[in-house]
Amino acid sequence: MTASFPPSTPAGRGTVHLTSSPSQFRALTYAYPLKLISPDAEVHANRSIHTLFLLTYGGGLVAGDAIDLNITLDAKTFLVLLTQGSTKIFKTPDPQILSIQKATISINDGAGLVYLPDPVQPFAESSFEQSQMYYLNGPQANLCVCDWVCCGRAARGEMWEFWRYGSRNEIWDVSQGEDKKRLLLRDNLILDHKRGVIASASSIARRVDDHGVFGTLILRGPMFEGLGAFFLEEFEKMPRIGEKKWDGEDVPKDKVGSLEDKRRHRLKRGEGDGLLWTAANIRGFVMVKFAAREVEGAKHWLKAILHDEGSIESQFGERSLLCLK
Amino acid sequence: MTTTIQSLEAEIVALEAQLQNAKILLSRSQPPSPLPIAPSTTTVPTNNTTSPSPQPSSTKQTITPSSLHTLLLLADSALPLGSFAFSSGLESFLAHHRTPPAHQPALFARFLTLSLSSLASTSLPYVLAAHRQPGRLTELDNDFDASTLCTVARRASVAQGRALLGVWERSLKGSCISDVDALKLFARAYRAQNSQDAQINAHLAPLWGAVSCALGVDEEQTAYVFLFGHARAVVSAAVRASVLGPYQAQAELASGELRAGIEGLLREWWDVETRDAGQTVPAVDLWVGRHEKLYSRIFNS
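This one's a predicted model, so the numbers in the text were calculated from it and none came from an experiment.

Conventions and cut-offs
- Within every chain, residues take consecutive numbers counted from 1 along the sequence as written.
- Here the convention is simple: chains get letters from A, ligands get numbers from 1, in the order in which they are written.
- For a predicted model such as this one, the threshold for reporting local features is a pLDDT of at least 70, and the threshold for listing and counting side-chain atom pairs is 80 or more; totals across whole chains, interfaces and linings nevertheless cover every residue.
- Each side-chain value is worked out from all heavy atoms of the structure, with water and hydrogens disregarded.
- Secondary structure follows DSSP: runs of H or I at least 4 residues long count as helices, runs of E at least 2 residues long count as strands, and numbering of each begins at the N terminus.
- All radius of gyration figures rest on C-alpha atoms, and the globule criterion is 2.2 Å times the number of residues raised to 0.38.
- Per-residue accessibility, obtained with a 1.4 Å probe over protein chains only, is compared with the maximum for each type, and a residue is labelled buried under 20%, exposed over 50%, and partly exposed between these values.
- Contacts are assigned to residue pairs that have any heavy atoms within 4.5 Å of one another.
- The protein chains shown are the only cover counted for residues, whose accessible areas, like all others here, come from Shrake-Rupley with a 1.4 Å probe.
- Criterion for a disulfide: a pair of cysteine sulfur atoms at a distance within 2.5 Å.
- A cavity, in this analysis, means grid points on a 1 Å lattice covering only the protein atoms where a 1.4 Å probe fits yet has no way out; a pocket is instead an open set bounded by protein on both sides within 12 Å along at least five of seven lines, and a residue lines either one if it has an atom within 4 Å of a point.
- Grid points are joined across faces, edges and corners, and a volume is the space filled by probe spheres set on the points.
- Gly falls in the polar group here, along with every residue not listed as nonpolar (Ala, Val, Leu, Ile, Met, Phe, Trp, Tyr, Cys, Pro) or charged (Asp, Glu, Lys, Arg).
- Here a salt bridge means any side-chain nitrogen of Lys or Arg lying within 4 Å of a carboxyl oxygen belonging to Asp or Glu.
- Put simply, buried area is how much 1.4 Å-probe accessible surface two parts lose in total, over both of them, once they are put together.
- In the analysis that follows, any N or O atom pair within 3.5 Å is treated as a polar contact, provided that within protein one partner can donate a hydrogen and the other can accept it, and provided that, for residues neighboring in sequence, both atoms belong to side chains.
- Nonpolar core, defined: a set of buried Ala, Val, Leu, Ile, Met, Phe, Trp, Tyr and Cys residues in which side-chain atoms within 4.5 Å join the residues together.

With respect to the overall build of chain A
Along the backbone of chain A there are six helices and 19 strands. Taking 2.2 N^0.38 as the reference for a compact globule, 325 residues should give roughly 20 Å; the C-alpha atoms of chain A span a radius of gyration of 20 Å, in line with that estimate. Its C-alpha atoms give chain A principal-axis dimensions of about 70 × 50 × 40 Å. Looking at chain A as a whole, 57% of its 325 residues qualify as buried. Within chain A, contacts between residues at least 6 apart in sequence are counted, and of these 74% link residues at least 24 apart. Only carbon and sulfur atoms are counted for the fraction: they give 51% of the accessible area of chain A, which is about 14000 Å².

Some points on the state of the cysteines
Two cysteines form a disulfide when their sulfur atoms are joined by a covalent bond. Inspection of the entire model under this criterion finds zero disulfides over all chains. Cysteine Cys 146 of chain A remains unbridged, with the sulfur of Cys 144 of chain A as its closest cysteine sulfur at 8.0 Å.

Here we look at empty space enclosed by the protein
One pass over the full model with this rule turns up four cavities of 30 Å³ or more. Estimated volume of the second largest cavity: approximately 70 Å³. Taken together, Thr 278, Ala 279, Ala 280, Met 287 and Lys 289 of chain A together with Leu 149, Cys 150, Thr 151, Val 152, Asp 285, Gly 289 and Glu 292 of chain B form the lining of the second largest cavity. Looking at the lining of the second largest cavity, the elements that each hand over two or more residues are strand E18 (276-282) and strand E19 (285-292) of chain A together with helix H6 (151-172) and helix H12 (282-289) of chain B. A total of three residues in the lining of the second largest cavity trace back to one element, the largest contributor, which is E18 of chain A. Here the lining of the second largest cavity is built from residues that sort into six nonpolar, three polar and three charged.

Regarding the pattern of salt bridges
A pair can form between side chains of opposite charge whenever their charged atoms are brought close. Taken as a whole and judged by the stated rule, the model has 26 salt bridges over all chains. Two residues, Lys 91 of chain A and Glu 125 of chain A, come together in a salt bridge whose shortest N-O distance is 3.5 Å. In this pair, Lys 91 of chain A sits in the loop between strand E9 (87-89) and strand E10 (99-108) while Glu 125 of chain A sits in the loop between strand E12 (120-122) and strand E13 (127-137), placing the two residues 34 residues apart along the sequence. Taking the relative accessible area as the measure of exposure, Lys 91 of chain A reaches 55% and is therefore exposed. Glu 125 of chain A gets classed as partly exposed once you look at its relative accessible area, which sits at 31%. Here Asp 192 of chain A ties to Arg 164 of chain A by a salt bridge, and the two come within 2.7 Å at their closest N and O atoms. Taken together, the residues Asp 192 of chain A in strand E16 (residues 182-192) and Arg 164 of chain A in strand E15 (residues 164-173) connect sequence positions 28 residues apart. Connected through shared salt-bridge partners, Arg 168, Glu 170 and Arg 186 of chain A together with Asp 276 of chain B make up one network.

Points about the environment of Glu 11 of chain B
Relative to the elements of secondary structure, Glu 11 of chain B occurs in helix H1 (residues 2-29). Distance from Glu 11 of chain B to Pro 134 of chain B, taken between C-alpha atoms, is 29 Å for residues 123 residues apart in sequence.

Here's the deal with unusual backbone geometry
Residue and element names in this part refer to chain A. Put simply, Ser 21 and Pro 22 share a cis peptide bond, and its omega is 0°. Position of Pro 22 among the secondary structure elements: in the loop between strand E1 (13-19) and strand E2 (24-30). The omega torsion across Tyr 32 and Pro 33 is 5°, close enough to zero to call that bond cis. For Pro 33, the location among the structural elements is in the loop between E2 and strand E3 (34-37).

Some words on the interface of chain B and chain A
Each partner contributes residues to the interface: chain B has 47 residues there, and chain A has 45 residues. Considering only the surface of chain B that becomes buried against chain A, Leu 149, Leu 286 and Lys 293 of chain B emerge as the three largest contributors, covering 21% of it. Our enumeration of links across chain B and chain A arrives at four salt bridges. In this structure, Asp 209 of chain A engages Arg 110 of chain B in a salt bridge whose closest nitrogen and oxygen atoms are separated by 3.7 Å. On inspection of chain B and its partner chain A, the count reaches 23 residue pairs in polar contact (both at pLDDT 80 or more). Tallying contributions element by element places H12 of chain B first for the side of chain B that touches chain A, with six residues.

Side note on the nonpolar core
Core analysis: the largest hydrophobic core is formed by 78 residues, its most contacted members being Leu 124, Trp 208 and Leu 227 of chain B. The element that contributes the greatest number of residues to this core is helix H4 (residues 104-132) of chain B, accounting for 14 residues. Excluding its chain neighbours within four sequence positions, the residues that come into contact with Leu 124 of chain B are Leu 119, Ala 223, Phe 226, Leu 227, Leu 265, Leu 266 and Trp 269 of chain B. Ranked by size, the runner-up nonpolar core spans 47 residues in total, among them Leu 18, Tyr 30 and Leu 36 of chain A together with Leu 149 of chain B.

Rendered as structure tokens:
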């Protein structure tokens, strides 16, 4: 574990700078309530893979907490960002007092980021806004990030009962210089309990079609090209909605362990979990949107499909899928 | 005598055009507020037969005969944008919510609210920004493209946007009363690019704002017709999908709920910057995205 804790670091601020030669964190600082833990680097496919756990004291954020994380990945550095359990957003005394998490991540050409955290878990009467800003410096900058949110404490019957939840993912091309940056992708989710026409007509549960978890996976760059193509192909191969199902004898006898066999398992399990997903190839990215009745179902599906394709594990190690366990 | 009348008539036409121009310049120089629609004191009316008329505007609205004429053109379902081919996720929504025919009108009402809210939150800031600053059209087109993360939705937006650009070039350009340089430049740049590395897509929302502005339609009417046109297209799709009968469809469009909904959405998104546009109904992305997976389809979205 390497960490300095300079007293000058403002509350919630974290700074991370990963360099390639030598492959190490040149900077790794953080301040309460943010905590960053970096276990030893691993080597996969001849690359040094660093891992960072994003933690908060108490496993979540209370009203007024503000996290501001800055990460720079130099060319040919590789980072896995993880959490330890879902990020809980605690009840706020006033809907106007938010918990905020801001991440600014610069990825240089040839560098790679895998950010597969646990879903955010906003409790009833919480207010939360987060933004993930990615600045890509070149066509070979690699990105695999998942942003997902669940309905709250499902075990206590909470179903999307927070005041506000906002999550913004923006990806900018800065290869022509900061002043000529170009927006490549913007995914901005706005769920507000009270505000707007929709609030008087529809609960948040309705806006997510009564699913218990909703997520977005974004893939980009040569390291995730195969995975992106895999998602698109699996989406294509999914049975059509409303197609007659022939049960019984017609089930093809695929070899155990074959891709067809794995796909059938995923479909069957997904059906039981109320899993719905869609994938699209947009502006050089593969965007996957998914929802399921419960977090477990979504985790299982995501882990299964990433595992069946296999390139995340072979390039970044098994640890990169830790949050999907 | 005749010449005097003719010259007076000509002068009136010229002065009216000048007045329109001045109004546009004025409305652009004081964006983005105030919103002419006064906030409703009541919530959405529940009974459309006794629904109150929409709240009077705080500033007196003037619909001149020439702007009425333009509004009728833009609001006409005969405007050749091909909007009838798109259900904006309705067809997929129905496939995901199998229900007996008797429950379908209620299910449709739920969809229409979600769909309009989603359209307003993702697109209205772009319509308004392009109306207020047509010179930003290329940038707005790029940013809208970057924010439309679904192949099916993208195809629908681009198909109608390109159709609108075509209608503007072939039919409406001559009737523009406002400065159209921005649109001309945009159209030229769009036509000039080769298909390999095309960066201009011609999405509907920003083009709707820019074309309406060029035709002298004010911001509020531009935004209102944009949302109303969406409602009309979705309701029409519902008729063709046998969810609503033709009279039910007209009742839906005439209802106080729809008026109050559109006015409320206008107020809500009037001051919102395009960077803060976003998805308020995430399920729409799933329904629209999964439209491609329907076994049978009668619409393109």
